[in-house]
Amino acid sequence: MNAQFKKGVLELIVLESVRHKDMYGYELVEEVSKIVDVNEGTIYPLLKRLTNEHYFETYLRESTEGPPRKYYHLTAAGVLHRDELEKEWKELSEKVGYFLEICEGDSG
């Protein structure tokens with residue numbers, strides 16, 4: 001996938017993933033990787049920024065497999081931000097799709 005396309009939609013995918021259930025960082029990497037190819041070096045800075053912007057709250061939970069894990073929980077502000085990103089994504093997708101259809105019709 002084009003890196004710029006991925007960068008543009010990654011925030012929405014992360015917010016949507018955490019909207020369904022609180023997740024820890026590596027769990028999020030695995031979840032997001034089902035949609036777009038990402039690694040920890042991409043996700044963790046995004047999580048830090050979204051937390052600093054108050055879209056996520058974090059808490060620690062004990063793990064049976066090592067040290068406690070930091071979980072991310074979507075705040076009310078995060079839900080509103082996610083909803084706005086989804087609206088923008090749908091509008092853009094529709095406009096691009098319509099544009100491509102028109103161009104296809106012109107070339108035939």
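Here, the structure is the one placed above.
Computed from a prediction, not measured in an experiment: that's the story for all the values here.

About the thresholds
Residues numbered from 1 in each chain as written. Predicted model: local features only at pLDDT ≥ 70, side-chain atom pairs only at ≥ 80, totals over all residues. Heavy atoms only, no water. Helix = DSSP H or I, 4+ residues; strand = E, 2+ residues; numbered from the N terminus. Rg over C-alpha atoms; globule rule 2.2 N^0.38 Å. Contact = heavy atoms within 4.5 Å. Areas by Shrake-Rupley, 256 points an atom, 1.4 Å probe, with all protein chains shown as cover. Lys, Arg positive; Asp, Glu negative; His and termini not counted. Charge placed at Lys NZ, Arg CZ, Asp CG, Glu CD. Patch = residues over 30% accessible without salt bridge, like charges linked within 9 Å, V, L, I, M, F, W, Y side chains within 5 Å. Salt bridge = Lys/Arg side-chain N within 4 Å of Asp/Glu carboxyl O. Buried < 20%, exposed > 50% of the residue type's maximum accessible area, 1.4 Å probe, protein only. Polar contact = N/O pair within 3.5 Å; in protein donor to acceptor, adjacent residues only side chain to side chain. Pairing = 2+ DSSP bridges. Axes fitted to C-alpha atoms, helices over the stretch in contact; angles between N-to-C directions. Parallel < 35°, antiparallel > 145°, perpendicular 65-115°, else oblique. Nonpolar A, V, L, I, M, F, W, Y, C, P; charged D, E, K, R; others polar.

(A) Layout of the overall build of the chain. Along its length, the chain carries 4 helices and 3 strands. Reading the chain from its N end, one meets helices and strands in the order α-β-α-α-β-β-α. The C-alpha atoms of the chain give 17 Å as radius of gyration, which overshoots the globular expectation for 108 residues (13 Å, by more than 25%). Dimensions along the principal axes, computed over C-alpha positions, put the chain at roughly 60 × 25 × 20 Å. Put simply, 48% of the contacts in the chain that link residues at least 6 apart link residues at least 24 apart. Here the chain displays about 7,600 Å² of accessible surface, and carbon together with sulfur accounts for 54% of that area. Taken as two groups, the 14 positive and 21 negative side-chain charges of the chain have centres that lie 4 Å from each other.

(B) Structural detail: a nonpolar patch on the surface. On the surface, a nonpolar cluster with roughly 500 Å² of combined accessible area is contributed by W89, L92, V96, F99 and L100. Its location among the elements puts L100 in helix 4 (residues 76–107). According to the relative accessible area criterion, L100 is partly exposed, its value standing at 49%.

(C) Molecular detail of the environment of P68. Within the secondary structure, P68 sits in strand 3 (residues 66–74). In the structure, P68 is positioned 27 residues away from K95 in sequence and 45 Å away in space, judged by C-alpha atoms. Ignoring any residue separated from it by four or fewer positions in sequence, one finds P68 in contact with L60, R61, E62 and S63.

(D) How the structure looks around the side chain of S17. Its place among the elements puts S17 in helix 1 (residues 3–20). In this structure the side chain of S17 is engaged in a polar contact, spanning 2.8 Å, whose partner is the backbone oxygen of I13.

(E) Structural detail: the sheet that holds strand 3. Read from one edge to the other, the open sheet built from 3 strands follows the order 1-3-2, with strand pairing classed as antiparallel. Of all strands in the sheet, those bounded by a partner on one side alone are strand 1 (23–24) and strand 2 (56–63). Across 2 bridges, the pairing between strand 1 and strand 3 is antiparallel. From the neighbouring strand, Y24 faces strand 3, where its bridge partner is Y71. The strands that helix 1 touches are strand 1, strand 2 and strand 3; relative to strand 3, the one it contacts most, it runs at about 105°. Across the face of the sheet, helix 3 (residues 40–52) comes into contact with strand 2 and strand 3 while running at roughly 125° to strand 2.

(F) Unusual backbone geometry, seen in detail. Phi is positive for H54, close to 70°, though the residue is something other than glycine. Position of H54 relative to the elements: it lies in the loop between helix 3 and strand 2.

(G) The arrangement of the packing of helix 1 against helix 3 in detail. Two numbers describe how helix 1 lies on helix 3: the axes approach to 11 Å, and their chain directions differ by 75°. With respect to each other, helix 1 and helix 3 are oriented roughly perpendicular. In this structure, helix 1 contributes L10, E11, V14 and L15 to the contact, and helix 3 contributes T42, I43, L46, L47, R49 and L50. Considered class by class, the residues forming the contact of helix 1 with helix 3 number 7 nonpolar, 1 polar and 2 charged.

From the geometry alone we can't say anything about function, so treat these as descriptive.
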